[in-house]
Structures are given as C-alpha cells and as structure tokens.
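Survey of secondary and tertiary structure
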Amino acid sequence: MLKYVNTGIVFQEIPDEVTLSINLSNCPCRCPGCHSKYLWDDIGEELTFSELEKLIREYGNDITCICFMGGDRDPQYINTLALYLKEMHPEFKVAWYSGKTCFSNLINKTDFDYIKIGPYIKHLGSLKSPTTNQRLYRRSLDNNFTDITHRFWEK
C-alpha cells in the first residue's frame, strides 16, 4: 500500500490546471539532487480510497486535477487509484509523476490524462529548462500521448 506525506494545491505542475498534488513516500528512485529526500522514507498515511475521498472533500471545490507525485514502488496501485478517480470523479483530470525514464508497463496509460516521467537531474534542470530530461505527456481525445514539455519553456 502506498502512503502519502502531504498535499498541496499547485498551479505549475500541470499546465492550465489547478492541481491537488499528493506527495507519496517510499520513493525507490533516489534521484541525486532530489529536493524531497524526506519522501525516500516509508512514512505517512496509507492512501486508500476513503483517504482520497477525504482529500477530495477538503479540496474538491478548488481543483481541476489530481496528481500523484511518486508511487514508483507500486505503479499498479497508482493505476487503481486513477481508475477509481475516473469512475467516481470524472470531473477531475488525473496525472502521475514517475521518476522513471519510461512509462511503466504495469499501468494503462489511457487511465491518465497526464503523465510526467524522468528523474530529476540537477544539471539538466526541471521541466522549465529546455535541457531537461523530464517529459510531460498529455492524453488526447484519440488516447494518444503528446509531449507538451515545451509549453513550460514558452512562458
């Protein structure tokens, strides 16, 4: 079971969305230069459906998207959470940030509206840097994924 440590409403993680960012712990990626090393530890509350509902009751009127930050330890459960949101809360977009370099074969990509992949590599920069190794993909109406990383550089 995945655990989350904290949440926040963010405006830059997913373009054009007001996003509830859910920070998941027990990260296996261990990126050098990570700004959230506390998420390497197995800490926090279990992210169950009922806990997700609690967060939605608290923030639901203020958001358009829910993003799971991490969860690489159990991508299948991330997919289960995405399916739950799609079924129970179709009003929200669903996003996932994975620190891995490619899409996990343990998920169904089309269960997500956005997927960001790539470990943070300090000298390459974040999504805002044209040299970043990270990529943000958006699902289109035909269920293909388009790389929209460049939208961060144009601002």
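Anyway, here's the lowdown on the structure attached to this text. Everything numeric here is computed off the predicted structure, so don't read it as measured data.

Rules of the game
- Residues numbered from 1 in each chain as written.
- Predicted model: local features only at pLDDT ≥ 70, side-chain atom pairs only at ≥ 80, totals over all residues.
- Heavy atoms only, no water.
- Helix = DSSP H or I, 4+ residues; strand = E, 2+ residues; numbered from the N terminus.
- Salt bridge = Lys/Arg side-chain N within 4 Å of Asp/Glu carboxyl O.
- Buried < 20%, exposed > 50% of the residue type's maximum accessible area, 1.4 Å probe, protein only.
- Contact = heavy atoms within 4.5 Å.
- 1 Å grid on protein atoms, 1.4 Å probe; cavity = no way out; pocket = protein on both sides within 12 Å on 5 of 7 lines; lining within 4 Å.
- Points joined across faces, edges and corners; volume = space filled by probe spheres on them.
- Nonpolar A, V, L, I, M, F, W, Y, C, P; charged D, E, K, R; others polar.
- Phe/Tyr/Trp six-rings, centres within 6.5 Å; stacked < 30°, edge-to-face > 60°.
- Axes fitted to C-alpha atoms, helices over the stretch in contact; angles between N-to-C directions.
- Parallel < 35°, antiparallel > 145°, perpendicular 65-115°, else oblique.
- Left-handed = near helix turned anticlockwise from the far one by under 90°.
- Pairing = 2+ DSSP bridges.

1. Overview of the environment of Glu58
By the element assignment, Glu58 lies in helix H1 (residues 49–59). The spacing of Glu58 and Ile117 is 59 residues in sequence and 28 Å in space, taken between C-alpha atoms.

2. Overview of the pattern of salt bridges
Under the counting rule described, the total for this entry stands at seven salt bridges. One salt bridge in this structure joins Glu13 and Lys116, with 3.3 Å as the shortest N-O distance. In this pair, Glu13 sits in the loop between strand E1 (3–10) and strand E2 (19–24) while Lys116 sits in strand E6 (residues 114–117), placing the two residues 103 residues apart along the sequence. Exposure class is identical for Glu13 and Lys116. Each is buried.

3. A look at the environment of Leu47
Its place among the elements puts Leu47 in the loop between strand E3 (45–46) and H1. In this structure Leu47 comes out as buried when scored by relative accessible area, which is 0%. Sequence separation of Leu47 and Lys3 is 44 residues, and the distance between their C-alpha atoms is 5.2 Å. Contacts of Leu47, omitting those with residues within four sequence positions, involve Met1, Leu2, Lys3, Tyr4, Ile22, Leu24, Leu52, Leu55, Phe68, Tyr77 and Leu81.

4. Here's the deal with H1
Since the α-helix advances by 3.6 residues per turn, residues separated by three or four positions end up pointing in the same direction. Within H1, burial applies to Glu51, Leu52, Glu53, Leu55, Ile56 and Tyr59. Against the buried residues of H1 lie E1, E2, E3, strand E4 (65–69) and helix H2 (75–88).

5. Notes on the layout of surface pockets
By volume, the largest pocket amounts to about 610 Å³. Together, 29 residues line the largest pocket, and Glu13, His35, Met69, Tyr97 and Lys116 are the ones closest to its centre. At the level of elements, E1 and E2 are the ones that each hand at least two residues to the lining of the largest pocket. Looking at the lining of the largest pocket residue by residue, the classes come out as 13 nonpolar, 11 polar and five charged.

6. Focus: the packing of aromatic side chains
Remark: the centre distance and the inter-plane angle together describe each pair of aromatic rings, the angle taken between the planes. Scanning the model with the defined rule gives four aromatic pairs in all. Taking the centre distance of 4.3 Å and the plane angle of 10 degrees together, the rings of Phe49 and Tyr84 count as stacked. In this pair, Phe49 sits in helix H1 while Tyr84 sits in helix H2, placing the two residues 35 residues apart along the sequence. The class for Phe49 is partly exposed, based on a relative accessible area of 33%. Judged by centre distance (5.2 Å) and plane angle (55 degrees), the rings of Phe103 and Tyr137 are tilted. Placement of Phe103 in the loop between strand E5 (93–98) and E6 and of Tyr137 in strand E7 (residues 135–139) is noted, with a sequence separation of 34 residues between them. Relative accessible area serves as the criterion here: at 18%, Tyr137 is assigned to the buried category.

7. Quick word on the packing of H1 against H2
Between H1 and H2, the shortest axis-to-axis distance is 11 Å and the interhelical angle comes to 50 degrees. Judged by the angle between their axes, H1 and H2 are oblique. Where H1 crosses over H2, the two elements pack in a sense that is right-handed. Listed contacts from H2 to Phe49, Leu52, Glu53 and Ile56 of H1 are Tyr77, Thr80, Leu81, Tyr84, Leu85 and Met88. Split by residue class, the contact of H1 with H2 holds eight nonpolar, one polar and one charged.

8. What to know about the sheet that holds E3
Spatially, eight strands are ordered E3-E1-E2-E4-E5-E6-E7-E8 in an open sheet, and the strand pairing comes out mixed. For this open sheet the edge positions go to E3 and strand E8 (145–147), each flanked by a neighbour on one side alone. For E1 and E2, the ladder comprises six bridges, and the chain directions are antiparallel. Pairing of Thr7 across the sheet is with Ile22, part of E2.

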